[in-house]
Every structure is written in structure tokens, then in C-alpha cells.
Amino acid sequence: MTDTLSHLLCRGLTRVGVDSLYCLPGVQNDDFFNVLFDFPEIRPIVARHEQATSYMATGAALATGNPQAYCTVPGQGMLNAAAGHSTAFSAAARVFALVGQNRSDLVGQMHGLLHEIPDQMAVLGQISKQSEALRDPSAASGQIASAFNVLISGHPAPVTVECPVDLWSAEGKDAAIAEPAFPDVDLDRIHEAADLLASAKRPLVMLGGGAQDAAESIAALAEMLGAPVSALRQGKGAYDERRPLAVPGPVAHQYWAEADVVLGIGTRFQWQEMTWGTDDELKLIQITADPGELNRRGNIAVSIHAMTEHAVPKLVDALATRLPTRPDRTDDIAARKAAFNADLAELQPTVGDLAVIADVLGEDGVFVDDLTQVAYAARFAYPVPRPRGYVCAGYAGTLGWGVPAGLGVANAMLGRPVLTVQGDGGFLYGANELATAVKYKIPLVTLVYNDSAYGNVQRIQEQRFGHNRTIATDLVNPDMVKFAESFGALGVRAGPGPEGLRTALETAFASGGPAVVEVPVTERYPSPWKNIFLPTVRGEQQTPLLAAPNAAQPR
């Protein structure tokens with residue numbers, strides 16, 4: 001049988017470990033799906049909106065650390081999926097985007113063909129690690145192999161291949177996908193970092209999303225340094241947040257003010273550098289796989305371009321030969337954590353809800369956050385016990401991604417409980433994907449806090465402009481329980497208090513299928529923002545990144 005480009009693409013997906021293709025077929029991609037039919041090892045999961053395909057792939061990639069894939073038609077289909085694609089870019093997810101195109105000799109001519117836009121790769125190319133537009137069949141095999149090589153190599157980021165309708169069936173020649181390539185660890189930089197840490201009196205460790213695959217060596221490093229370890233969001237779980245040295249973001253902010261050396265593992269350092277501040281007395285060490293994030297703002301003393309899982313073990317070895325006896329900081333850390341936890345009493349019922357969620361999910365559960373008050377508070381009040389136990393959209397701040405992203409997580413992590421936490425506004429962005437959950441029996445549980453408003457922006461309006469000047473924030477919702485049941489999912493309305501929430505969540509997970517748990521919100525939950533928007537504590541006062549602190553999460 002002659003290999004076509006469609007065969008090469010399907011074979012490439014299987015070689016990089018993709019077993020689910022999140023998709024929405026259409027006429028420009030029919031020939032590809034005809035070939036996909038003969039690859040039963042790839043399960044097509046058809047969504048009800050193209051946007052969901054990219055969110056599902058992104059959620060699955062973040063939860064597993066492995067490549068995932070989605071496929072859409074061109075133009076409007078691609079544009080619908082672009083929000084999820086950009087989320088994959090911001091959150092550093094290995095996502096393979098396969099996008100159709102009109103006939104190769106007509107691309108970009110704007111005849112008014114179905115789904116035609118001037119240059120769709122100008123959109124996806126900006127938010128892809130590499131993008132390949134297939135035009136010449138003789139070159140396409142190499143382009144496909146190159147795309148897969150880039151997908152599995154180096155820092156995680158989405159990769160895009162665009163295939164015109166007339167080339168799906170073009171003859172191709174199988175090209176090998178090379179072993180993943182990663183940056184070499186610069187041992188000189190490792191030793192520079194080790195020297196700084198060995199001499200540090202008050203070290204601090206900050207984790208980002210790139211730290212997730214280095215958990216074991218991070219734990220060893222933390223114990224050697226006796227230093228507080230923290231993650232603000234994407235790095236949560238890379239170090240067990242129940243351990244004595246683990247501190248939430250607001251406590252890390254206290255230590256940032258005092259630290260002499262901070263080691264950043266897999267983090268951009270954006271929030272700390274641009275908000276908490278820096279000065280000449282603070283030495284920053286950064287380990288990141290993304291060359292574009294190395295010393296972006298010019299404050300890093302030692303930059304190490306490497307996969308964290310390769311670099312951190314070498315740093316541990318280097319420190320073992322030079323690290324003096326460290327002062328015991330555990331009592332100080334415990335005291336600051338206790339004081340912070342006491343202050344969290346004002347965040348009830350939020351903190352009580354998060355305690356119930358943590359207990360019900362257990363050590364193996366995965367918390368998928370959307371943009372809502374309880375999920376915001378989870379950044380500092382929900383201890384994540386294991387790597388990839390907390391999935392978020394990173395700096396993209398993608399309202400409404402929770403249901404489709406959660407479906408990708410739950411599909412990829414069958415056997416582990418997965419919960420996505422939503423507000424009613426964000427829920428209805430992707431609630432139609434309950435149909436997808438039911439069709440494929442994906443056991444995602446969705447927790448919906450229903451205040452019949454875009455509650456966060458409504459609070460901001462009230463705080464800034466007065467109670468009588470809220471606008472465009474009230475919502476009208478369906479009956480959430482009946483809505484879920486209409487798809488064939490379980491719908492549960494939580495009773496009052498923590499025990500009401502516990503009973504509802506336990507019922508939902510016991511069902512073994514997709515379920516929606518509604519929490520009616522009759523009184524607005526307290527604002528978590530004072531524990532997230534923390535002031536400058538080093539150097540000159542930083543200019544606010546936005547006009548008002550609460551505006552940083554706009555909905």
C-alpha cells in the first residue's frame with residue numbers, strides 16, 4: 001500500500017505516544033479521517049466545538065507531560081481552537097495541532113472559499129514552537145518528521161502542521177522521528193549555582209511548571225538546603241506541599257524580602273521580578289528549558305538552559321561536595337505557615353471547601369482550575385501532594401477552559417479522580433462538552449459555584465465605582481442539575497456547609513461517570529486577592545501591571 005501524508009501523520013502520532021485525537025472533522029479533512037479509520041490505536045474524540053479540541057489536548061498534555069493532539073478544519077475552525085492553542089503555548093504543553101487548508105494552489109488568494117482566511121499560519125505560527133505549512137509533496141515528509149521531532153524535544157510547547165485538502169492523499173515517504181533532543185547541561189553554570197547556594201544564608205526555592213518532572217531531585221535539594229520551597233501556580237505539586245519546607249505563595253513573599261539567593265526551577269520568575277521586586281543584594285538562579293525565558297528581564301545571576309530533570313540532579317551532586325551545615329529553619333517556617341493559616345480563617349467558606357475537596361480527591365486526584373473565587377484561593381490554600389496534581393491555564397488566564405480541559409485530563413488519567421472547579425460564567429463556555437463526556441464515558445466531575453454573575457468583575461466594579469454602578473455582570477442560568485441530566489450526566493446540588501459539599505462530591509465520584517455538582521452561592525465568597533497581589537518588597541516600588549489590582553483576573 002502506498003503511504004500518503006495522512007499515513008505519515010497517523011504513524012507519527014502513534015510513534016510519539018498519542019492515543020487520542022481531539023477533533024471536529026470537516027470537508028477539508030475528510031481524506032485524513034478516512035486514513036485515521038485504519039489506525040485503531042488512535043481514538044478520535046469528537047468535540048462539540050473546535051475550541052474544546054485544543055483545550056482537551058492541552059489539559060491532557062499538562063496532566064501527563066506527554067504529547068497530545070487535536071485536529072480542526074481551517075479558518076473559522078482553526079480560529080475557534082486558537083484560544084486553546086495559545087493556552088498550550090502559555091502553559092508549556094506538548095500539543096500537536098493538525099489543521100486543514102484549502103487547495104494548495106489557492107492558499108492565500110482570497111477567492112472566498114469555504115473557511116478561507118488570508119494566512120492562518122500567521123495566527124498559529126506566533127503561538128507555536130514550530131509550524132509547518134505543507135505545500136510540496138516532495139518536501140512534506142521531512143516537514144512532518146521535523147514537526148514531530150520538535151514536539152518531543154526541548155521545552156514543551158505546541159507544534160502546528162497545516163495540510164491542504166489536495167495533499168492528504170499525496171504520496172509520502174516515511175521519515176524517521178529521531179530520539180528527543182534536549183539542551184546539554186552546562187556544568188560550569190551548575191557549579192556557579194552550587195557556589196552561590198552553598199554560601200547563601202537565607203536561600204529560597206521557587207518552582208514553576210517546568211519543575212514537574214524533577215520532583216524527586218527537588219525534594220533532595222530542598223532537604224540539603226533546608227530552604228523554604230514554594231510554587232505560585234503551575235509549579236504546584238512538583239514538591240509535596242504538605243511537607244514542612246513547603247510554603248504557600250504569601251509566605252514565600254515574606255521570605256523573598258529576606259532572601260540572599262533564590263533558586264528558580266522551571267519558572268519564568270515573571271511575577272516575582274515584576275511585582276515582588278529585586279535589588280543588588282538578591283542573587284537569582286534560573287533553570288529553564290525555554291531559551292526565550294532565560295534572564296528575560298536582566299536580573300538573573302546564573303542562568304542554566306536545561307531540562308530541570310537533567311539539571312537539578314547535577315546541582316544536587318555539586319552541592320553535596322560543598323554544602324556546609326545549614327541552620328535549621330523548620331521552626332521559623334512552621335511558625336509563619338501557622339500564622340498565615342490562622343489569617344485564612346477570614347476566607348471561609350472558601351478554605352473549608354478546599355479542605356473538603358482535598359480530602360475527597362485524595363493523593364491521586366487532579367484539581368483543574370478555572371477562573372472562580374475558590375480556584376483563585378487554591379493557588380495558596382490548596383496543598384498539592386504530587387506532580388501534575390494541579391492543572392491550570394498559566395498566564396493565559398483562560399476563562400471557561402475548565403470543562404474541556406478537565407475532559408482531556410480525565411481521559412488521559414483514567415483511574416484517577418479529576419475535578420474541575422468553575423464559576424457559573426466560565427462553566428457555560430464549555431458546558432456543551434458534557435455531551436462529549438457522556439458519549440465517551442469520561443468520568444469528569446465539575447464543581448460549579450453559581451452566583452448568577454461574573455462575580456469577580458462585579459466585585460471589582462462595586463469596589464471601584466460603587467454598588468449602584470455595576471454593569472453587564474448579572475447572568476441568567478439554567479437549572480444546573482436539570483441541565484446536566486439533560487445530557488445524561490449526573491446532576492447534584494450540594495447541601496449547605498462543608499458536609500453538604502462532601503456528600504455531593506462523594507456521590508458524584510461514586511457514580512463513575514460525568515457529573516456536575518452545583519454549589520448555590522447566596523452570599524458572595526470573600527476576595528482572595530490580597531493573598532495573590534502582594535506588594536513590592538525589594539528595590540523600587542513596581543509600577544502596577546494593570547490599573548487596578550483586582551482587574552488582573554477580569555472575569
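Coordinates for the structure precede this section.
Q: Explain the sheet that holds strand S2 (residues 43-46) here, please?
A: Hydrogen bonds between backbone groups are what pair the strands of a sheet, and the pairing can be parallel or antiparallel. The sheet built from six strands is open, its strands ordered S2-S1-S3-S4-S6-S5 with parallel pairing. A single partner strand is all that each edge strand has here, and the edge strands are S2 and strand S5 (130-133). Each strand of the sheet is rotated relative to its neighbour by a mean of 20 degrees, with strand direction disregarded. Bridge analysis of strand S1 (residues 20-23) against strand S3 (residues 68-72) gives three bridges, and the strand direction is parallel. Looking at the pairing, Leu-21 lines up with Ala-69 of S3.

Q: What should I look at first to understand the pattern of salt bridges in this one?
A: Oppositely charged side chains can form a pair if their charged atoms are brought close together. This structure, assessed with the given rule, holds 23 salt bridges. Across the pair Arg-493 and Glu-518 runs a salt bridge, and its minimum N-O distance is 2.7 Å. Here Glu-518 lies in strand S17 (residues 515-520) and Arg-493 lies in strand S16 (residues 490-493), a separation of 25 residues in the sequence. Of the residues examined, Glu-518 reaches a relative accessible area of 6% and is grouped as buried.

Q: Which parts of the structure should I look at to understand helix H3 (residues 50-64)?
A: Working note: α-helix, 3.6 residues per turn, so residues spaced by three or four point in the same direction. The end-to-end C-alpha distance of H3 is 22 Å, a good match for the 21 Å that 15 residues give at a rise of 1.5 Å each. Among the 15 residues in H3, 13 count as buried, and that is most of the element. In the stretch just after H3, Gly-65 is the one whose phi turns positive, near 80 degrees.

Q: Can you walk me through helix H4 (residues 76-91) in this structure?
A: The terminal C-alpha atoms of H4 lie 23 Å apart, and with 16 residues this matches the ideal 22 Å at 1.5 Å per residue to within 8%. The largest bend in H4 is about 45 degrees, located at Ala-82. All of the buried residues along H4 are Gly-77, Met-78, Ala-81, Ala-82, Gly-84, His-85, Thr-87, Ala-88, Ser-90 and Ala-91. Each element contacted by the buried residues of H4 is listed here: H3, S3, strand S4 (95-101), helix H5 (120-124) and strand S6 (159-164). A positive backbone phi angle near 60 degrees is found at Ala-92, which sits one or two residues after H4.

Q: How should I be thinking about the packing of aromatic side chains in this particular structure?
A: Pairs of aromatic rings are described using the distance from one ring centre to the other and the angle between the two planes. Inspection of every chain in the model, using the stated rule, returns 15 aromatic pairs. Taken together, a centroid distance of 4.5 Å and an interplanar angle of 45 degrees make the contact between Tyr-376 and Trp-529 tilted. Here Tyr-376, found in helix H14 (residues 373-381), pairs with Trp-529, found in the segment after S17; they are 153 residues apart in sequence, far enough to count as distant. With relative accessibility at 0%, the residue Tyr-376 sits in the buried group. Residue classification places Trp-529 among the buried positions, given a relative accessible area of 2%. Plain terms: the ring middles of Phe-427 and Phe-483 are 6.2 Å apart, the flat faces sit at 80 degrees to each other, and that makes the pair edge-to-face.

Q: What am I meant to see in unusual backbone geometry here?
A: A negative phi angle characterises most non-glycine residues, just as the trans form characterises most peptide bonds. Following Gln-348, the chain continues to Pro-349 via a peptide bond in cis, the omega torsion being 5 degrees. With respect to the helices and strands, Pro-349 occurs in the loop between helix H12 (330-343) and helix H13 (350-361). Even without being a glycine, Arg-388 presents a positive backbone phi close to 60 degrees. For Arg-388, the position within the fold is in the loop between H14 and strand S13 (390-391). Taking relative accessible area as the criterion, Arg-388 reaches 13% and is therefore assigned buried. Although it is not a glycine, Ala-472 adopts a positive phi angle of roughly 60 degrees. By secondary structure assignment, the location of Ala-472 is in the loop between helix H18 (455-465) and helix H19 (480-487).

Q: When you look at the environment of Gly-154 in this model, what are you seeing that I'm missing?
A: Residue placement: Gly-154 occurs in the loop between helix H6 (137-152) and S6. Taking relative accessible area as the criterion, Gly-154 reaches 11% and is therefore assigned buried. Each C-alpha atom of the pair Gly-154 and Phe-96 lies 15 Å from the other, and the pair is 58 residues apart in sequence. Excluding residues that lie within four positions of it along the chain, Gly-154 makes contacts with Arg-94, Lys-129, Ala-181, Phe-182, Pro-183 and Met-307.

The rules behind the values
- Residues numbered from 1 in each chain as written.
- Predicted model: local features only at pLDDT ≥ 70, side-chain atom pairs only at ≥ 80, totals over all residues.
- Heavy atoms only, no water.
- Pairing = 2+ DSSP bridges.
- Helix = DSSP H or I, 4+ residues; strand = E, 2+ residues; numbered from the N terminus.
- Axes fitted to C-alpha atoms, helices over the stretch in contact; angles between N-to-C directions.
- Salt bridge = Lys/Arg side-chain N within 4 Å of Asp/Glu carboxyl O.
- Buried < 20%, exposed > 50% of the residue type's maximum accessible area, 1.4 Å probe, protein only.
- Expected span 1.5 Å × (residues − 1).
- Bend = angle between axes of the 7 residues up to and from the residue.
- Contact = heavy atoms within 4.5 Å.
- Phe/Tyr/Trp six-rings, centres within 6.5 Å; stacked < 30°, edge-to-face > 60°.

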